[in-house]
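# Inside the fold
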Amino acid sequence: MSKKLQAIRGMHDILPDKTPLWQRLEKAMFDVCQQYGYSEIRMPLVESTDLFCRSIGEETDIVGKEMYTFEDRNGDSLSLRPEGTASCVRAGLEHGLFYNQIQRLWYQGPMFRHERPQKGRYRQFHQIGVECFGMSGAEIEAEIILMSYRLWKKLGLDAELSLEINSLGTSEERVVYKDVLVRYFEQHTEQLDEDSKRRLLTNPLRILDSKNPAMQDLIERAPRLADSLDEQSCLHFEQLQGYLNDAGVSFTHNTRLVRGLDYYSHTVFEWTTTSLGAQGTVCAGGRYDGLIEQLGGKQTPAVGLAMGVERLVLLLEQHEWSTTKPLAYIVYQGDVAKCKAIQMAETLRDELPASTIVLHCGEASLKSQFKKADKVGAKLALILGEQEIEENTVAIKFLRERKEQQKVPQNEIEQFLKNNS
Ligand code: ATP
Ligand code: MG
């Protein structure tokens, strides 16, 4: 027998019962992006592997362990994108978007990482991201944080999420700090787990990000990056904190927050929840002033964030969202009534663009049509039987309220629905 066909492990279908939540999130973010003057950019899902090695960094988990890399028929090494920033910068450089210009961009779509699948962690997952180019001040960092905060408020998630921020300083400051940190951990190698021993040689800052409980004490006592920052970096970070305070956004300064990608500098931040277990980060971002130059462009300041759509949808699910139910389900009997019903459905959709009008399709008794109307959760059934066709009326059955069935002239049905929507 042939093997049962199924989706790839860690890659999921998003079924019709869940898509309303996705759409709610996407629509809310789309509106927020418009409010702040951000334009959408769409990049390919596949890029040359080299792009991610040169941007995210060879020694990161993403590039080192998680990428879907393959050779195409020309023998070129390609990768499914594990995140959007690198592609966005590549696109911006390729099309001259950064040359003496300010850019506020956003994107959305699937990303791919070969991780161990679990709740909130998948191999194909979706991000919505924003990236801003050409602005070096803390106010643009505040702007993207406020944008995300506005989105949480729109979705009713603001009470659920907390903001942590930190400053990674400049790359020069991090070089100095790395030395200090390596010296500290070298004095305690016996307490380092295998991952951290490897990172000590490749990416010592990432040790601070370890989730291993046995390492927490050692990490807690490690020297702080904040103590290696110069006056200017401190001032920048203080400005950001001032803007957030003025806007009434609470945050904590987490001196251990480092992020998994190499290209960050100065501000980094994360929005987290405690209701999703270990996969609690729903949105993360920061400043990456060095990346564009690193990829062959002119020095250009940049900040961005990316949110994990699946994790936000899991949160929305816990909030009992009512999905939009149809206002009316049109049932009919006979061919003449069917033609009338099709026309009526179209007119109603013209007149009530925000409401859902469902037309029954297929042969069925009136009784079974009512059952279908009830099943989709419609508020009203509009009935076109032989008698109604003769009288130019529509019979209306209230499916969710104890009200008598009534008849309305066909030319008054739009108004009737408007009054009852
Ligand atoms: P984590 O620490 O959870 O692994 P990360 O630091 O690797 O996250 P980023 O690269 O910053 O994540 O991606 C931004 C957001 O994308 C994350 O905060 C998270 O919400 C989401 N995300 C990242 N990896 C996955 C995944 N494998 N499955 C689902 N969502 C993910
Ligand atoms: Mg990760």
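See the structure above.
The text that follows walks through the structure, step by step, so that each part is easy to find.

What counts and what doesn't
- Residues numbered from 1 in each chain as written.
- Chains lettered and ligands numbered in written order.
- Predicted model: local features only at pLDDT ≥ 70, side-chain atom pairs only at ≥ 80, totals over all residues.
- Heavy atoms only, no water.
- Helix = DSSP H or I, 4+ residues; strand = E, 2+ residues; numbered from the N terminus.
- Expected span 1.5 Å × (residues − 1).
- Contact = heavy atoms within 4.5 Å.
- Buried < 20%, exposed > 50% of the residue type's maximum accessible area, 1.4 Å probe, protein only.
- Pairing = 2+ DSSP bridges.
- Near = heavy atom within 4 Å.
- Polar contact = N/O pair within 3.5 Å; in protein donor to acceptor, adjacent residues only side chain to side chain.
- Nonpolar A, V, L, I, M, F, W, Y, C, P; charged D, E, K, R; others polar.
- Phe/Tyr/Trp six-rings, centres within 6.5 Å; stacked < 30°, edge-to-face > 60°.
- Lys NZ or Arg CZ within 6 Å of the ring centre and 35° of its normal.
- Salt bridge = Lys/Arg side-chain N within 4 Å of Asp/Glu carboxyl O.
- Core = buried A, V, L, I, M, F, W, Y, C linked by side-chain atoms within 4.5 Å.

### So, helix H1 (residues 19–35)
Taking 1.5 Å per residue, 17 residues should reach 24 Å; H1 reaches 24 Å between its end C-alpha atoms and fits that length. Turning to H1, the residues buried within the fold contact strand S5 (103–112), strand S6 (124–133), helix H5 (138–155), strand S11 (302–308) and helix H11 (309–317). Just downstream of H1 lies glycine 37, where phi reads positive at about 80°.

### Let's talk about the pairing of S11
Taken across its 7 residues, S11 has 7 buried, putting it largely inside the fold. With burial as the criterion, each face of S11 is covered, one bearing Ala302, Gly304, Ala306 and Gly308 and the other bearing Val303, Leu305 and Met307. Here 7 bridges tie S6 to S11, and the two strands are oriented antiparallel to one another. Residue pairing across strands places valine 130 opposite leucine 305, the latter belonging to S11. With 5 bridges joining them, strand S10 (residues 281–287) and S11 adopt antiparallel strand pairing. Bridge pairing links glycine 286 to glycine 304 in S11.

### A look at the site of ligand 1
Lining the immediate environment of ligand 1, one finds 16 residues, of which Arg113, Glu115, Arg121, Arg259 and Thr281 sit closest. The separation between a nitrogen atom of ligand 1 and a polar side-chain atom of glutamate 115 is 2.6 Å. In this structure, threonine 281 approaches ligand 1 through a main-chain N or O atom, which is 2.8 Å from an oxygen atom. Listed by contribution, the elements that provide at least two residues to the shell around ligand 1 are S6, S10 and S11. When the residues that make up the shell around ligand 1 are grouped by side-chain class, the tally is 7 nonpolar, 4 polar and 5 charged.

### What to know about the packing of aromatic side chains
Scanning all chains against the criterion turns up 7 aromatic pairs. Measuring from centroid to centroid gives 6.3 Å for phenylalanine 133 and tyrosine 288, while their planes differ by 80°, and the two rings are edge-to-face. Linking phenylalanine 133 in strand S6 with tyrosine 288 in the loop between S10 and helix H10 (291–294), this pair joins segments that are 155 residues apart in sequence. No difference in accessibility class separates phenylalanine 133 from tyrosine 288, as the two residues are buried. Aromatic ring contacts, followed pair by pair, group Phe98, Phe133 and Tyr288 into a single cluster. Positioned over the ring face of phenylalanine 370 is lysine 397, at 4.9 Å from the centre of the ring.

### Overview of H5
Between its first and last C-alpha atoms H5 spans 26 Å; for 18 residues at 1.5 Å apiece the expected length is 26 Å, and the two agree. In terms of residue burial, H5 counts as a mostly covered element, since 13 of its 18 residues are buried. Once H5 ends, the next one or two residues include glycine 156, with phi positive near 70°.

### Here's the deal with the pattern of salt bridges
Scanning the entire structure with this criterion turns up 26 salt bridges. Of the charged contacts, one joins arginine 54 and aspartate 50 as a salt bridge, the two residues approaching to 3.7 Å between their closest N and O atoms. Of this pair, arginine 54 and aspartate 50 both sit in helix H2 (residues 49–55), 4 residues apart, roughly one helical turn. For arginine 54, a relative accessible area of 40% translates into the label partly exposed. Its salt-bridge partner being arginine 224, residue aspartate 227 comes within 3.6 Å of it at the nearest N-O pair.

### Quick look at the nonpolar core
Membership of the largest hydrophobic core comes to 93 residues, with the highest contact counts inside it found for Trp152, Phe185 and Trp271. Sort the elements by how many residues they give to this core and H5 lands first, with 10 residues. Every residue in contact with tryptophan 271, bar those within four places of it in the chain, is listed here: Ile145, Ser148, Tyr149, Trp152, Leu161, Ser162, Leu163, Val249, Gly280, Thr281, Val282 and Cys283. Grouped together as the second largest cluster of nonpolar side chains are 22 residues, Leu327, Ala337, Leu352 and Ile413 included.

### So, the environment of threonine 267
Structurally, the position occupied by threonine 267 is in strand S9 (residues 265–272). A C-alpha to C-alpha distance of 5.8 Å links threonine 267 and asparagine 166, two positions 101 residues apart in sequence. Ignoring any residue separated from it by four or fewer positions in sequence, one finds threonine 267 in contact with Glu141, Asn166, Ser167, His236, Phe237, Leu240, Gly285, Gly286 and Arg287. Side chain to side chain, threonine 267 and glutamate 141 meet in a polar contact 2.6 Å long.

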